[in-house]
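The lines below spell out each chain.
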Amino acid sequence: MQTSRAVDDLPGAIRVGVARKRQEAEDICSFELVGFSGSALPVFTPGAHIDVRIPGDGDLVRQYSLSNSAEERHRYVIAVLKEPQSRGGSTGMHERVMEGDVLQISSPRNHFELTPQAEQGSSILIAGGIGITPLLSMADHLARRKADFEFHYCARSAERMAFRSRLQQSAYADRINLYVDQGEGASRIDIARVLQVPSPTRHLYVCGPEGFLNAVTIGARQAGWQDGNVHFEHFSHRVEASESDAAFDVKLARSGRTIRVAANQTVVEALAKNGVELQVSCEQGVCGTCLTRVLEGIPDHKDVYMTPDEQARNDQFTPCCSRSRTPTLVLDL
Ligand code: FES
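Residues numbered from 1 in each chain as written. Predicted model: local features only at pLDDT ≥ 70, side-chain atom pairs only at ≥ 80, totals over all residues. Heavy atoms only, no water.

Re the sheet that holds strand E13 (residues 258-261)
Inference 1: Reading across from one edge, E13-E12-E18-E14-E16 is the order of the 5 strands in this open sheet, with mixed pairing throughout. Strands with a single pairing partner mark the edges of an open sheet, and in this sheet they are E13 and strand E16 (316-317). (Pairing = 2+ DSSP bridges. Helix = DSSP H or I, 4+ residues; strand = E, 2+ residues; numbered from the N terminus.)

Focus: unusual backbone geometry
Inference 1: You will see that Asp-27, though not glycine, has its phi angle at about 65 degrees, which is positive.
Inference 2: Relative to the assigned elements, Asp-27 resides in the loop between strand E1 (14-25) and strand E2 (28-34).
Inference 3: Relative accessible area serves as the criterion here: at 31%, Asp-27 is assigned to the partly exposed category.
Inference 4: Phi at Asn-314 takes a positive value of approximately 55 degrees, unusual for a residue other than glycine.
Inference 5: By secondary structure assignment, the location of Asn-314 is in the loop between helix H7 (308-313) and E16. (Buried < 20%, exposed > 50% of the residue type's maximum accessible area, 1.4 Å probe, protein only.)

Some words on helix H2 (residues 132-144)
Inference 1: Taking 1.5 Å per residue, 13 residues should reach 18 Å; H2 reaches 18 Å between its end C-alpha atoms and fits that length.
Inference 2: Of all the 13 residues making up H2, 12 are buried; the element is thus mostly covered by neighbouring parts of the structure.
Inference 3: Looking only at H2, the buried set comprises Ile-132, Thr-133, Pro-134, Leu-135, Leu-136, Ser-137, Met-138, Ala-139, Asp-140, His-141, Leu-142 and Ala-143. (Expected span 1.5 Å × (residues − 1).)

Observations regarding the environment of Ser-67
Inference 1: Note that Ser-67 resides in the loop between strand E4 (61-65) and strand E5 (75-81).
Inference 2: C-alpha of Ser-67 to C-alpha of Thr-133: the two residues are 66 residues apart in sequence and 4.6 Å apart in space.

As for the environment of His-74
Inference 1: Considering the arrangement of structural elements, one finds His-74 in the loop between E4 and E5.
Inference 2: A residue is classified by how much of its surface remains accessible, and His-74, at 43% relative accessible area, is partly exposed.

Notes on the confidence of the model for the chain
Detailed reading of the predicted coordinates is not advisable wherever pLDDT is low.
Inference 1: Considering every residue of the chain, the mean pLDDT works out to 90; 94% of them sit at 70 or more.
Inference 2: Low pLDDT, under 50, characterises residues 1-7; the stretch is placed with 32 contacts to residues that sit more than four places away or in other chains. (pLDDT = per-residue confidence, 0-100. Contact = heavy atoms within 4.5 Å.)

So, the side chain of His-231
Inference 1: As for its placement among the helices and strands, His-231 is situated in strand E11 (residues 230-234).
Inference 2: Accessibility expressed as a relative area gives 17% for His-231, which makes it buried.
Inference 3: A polar side-chain atom of His-231 sits 2.8 Å from a polar atom in the side chain of His-203. (Polar contact = N/O pair within 3.5 Å; in protein donor to acceptor, adjacent residues only side chain to side chain.)

Here's the deal with the pattern of salt bridges
Pairing between side chains of opposite charge can happen when the charged atoms of each approach one another.
Inference 1: Evaluated as defined, the whole model comprises 19 salt bridges.
Inference 2: Note that Arg-109 is salt-bridged to Asp-51, the shortest N-O span being 2.7 Å. On the criterion of sequence distance, the pair formed by Arg-109 in the loop between strand E6 (102-105) and strand E7 (122-128) and Asp-51 in strand E3 (residues 49-53) is long-range, its members being 58 residues apart.
Inference 3: You can call Arg-109 partly exposed: its relative accessible area is 23%.
Inference 4: Judged by relative accessible area, Asp-51 falls into the buried class, the value being 0%.
Inference 5: With a closest N to O distance of 3.0 Å, Arg-325 and Asp-300 form a salt bridge. (Salt bridge = Lys/Arg side-chain N within 4 Å of Asp/Glu carboxyl O.)

Put into structure tokens, the structure is as follows:
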């Protein structure tokens, strides 16, 4: 299913030009987006992302992290990995977006912020593959503030390692450790060694594919890191099937309507079929766009957007992928 928002429904919708498209590595392109007539773009903080409406594919919207310096006001730089199982987003960006095109984007939002204490304490940044993008902006910020940090970047091969020369020419090149799984000079990150000294003033920031993210966050827990010092961002998430993948009802509190959600349907799909459109973007429980208040019933949370504590409150859920543990969920709709 594709998303179904009007352009102006994107938070703080903006039109930008594609000033530059560049092949950064195998299957990874970067896009430099600029305002019209040199106009300044909205301010962002390191770790922020924007929604991008993918041209020529209905209303498909995808999120991409900003990789450039947050000091810059004249451009946003995103990078897109062409996914073999692309549902249209990454393929559309790679194959249909060219220099000179106009794109519709949202204002930046940030769910992956550096802590306010990052400049006083120390930070470890660990990127896997395309997860490098938000961490580049963080590294730039920490280096400018002369903060204490180290940067670890893992990729499958040197050919798939984006921004390698930018990193090696950066002012913080001496704090970068590169790892590739295959080819000449292959070496793997030793997570236990990198994370061996947790401290209340030390924060870990990790971004990458789900398996990589899990390996690093589990390693942090085993090394004694506190959850509050471990910050991560999912790029994608495989929604797992579970026992609750049976049919259930959602009751819309404001209209009193009850809508059946079939076993093979998401709540978003069931509502759309009955004329109730919800805003969605990732449709994988990653972005939080579809977050909806739950008034009664217990959701079966399948997202990675909320923290375990937020999920345990059961007062909101992500209808793009989450389901119900009770026969009926009453929603604030
Ligand atoms: Fe992204 Fe539901 S649309 S979490």
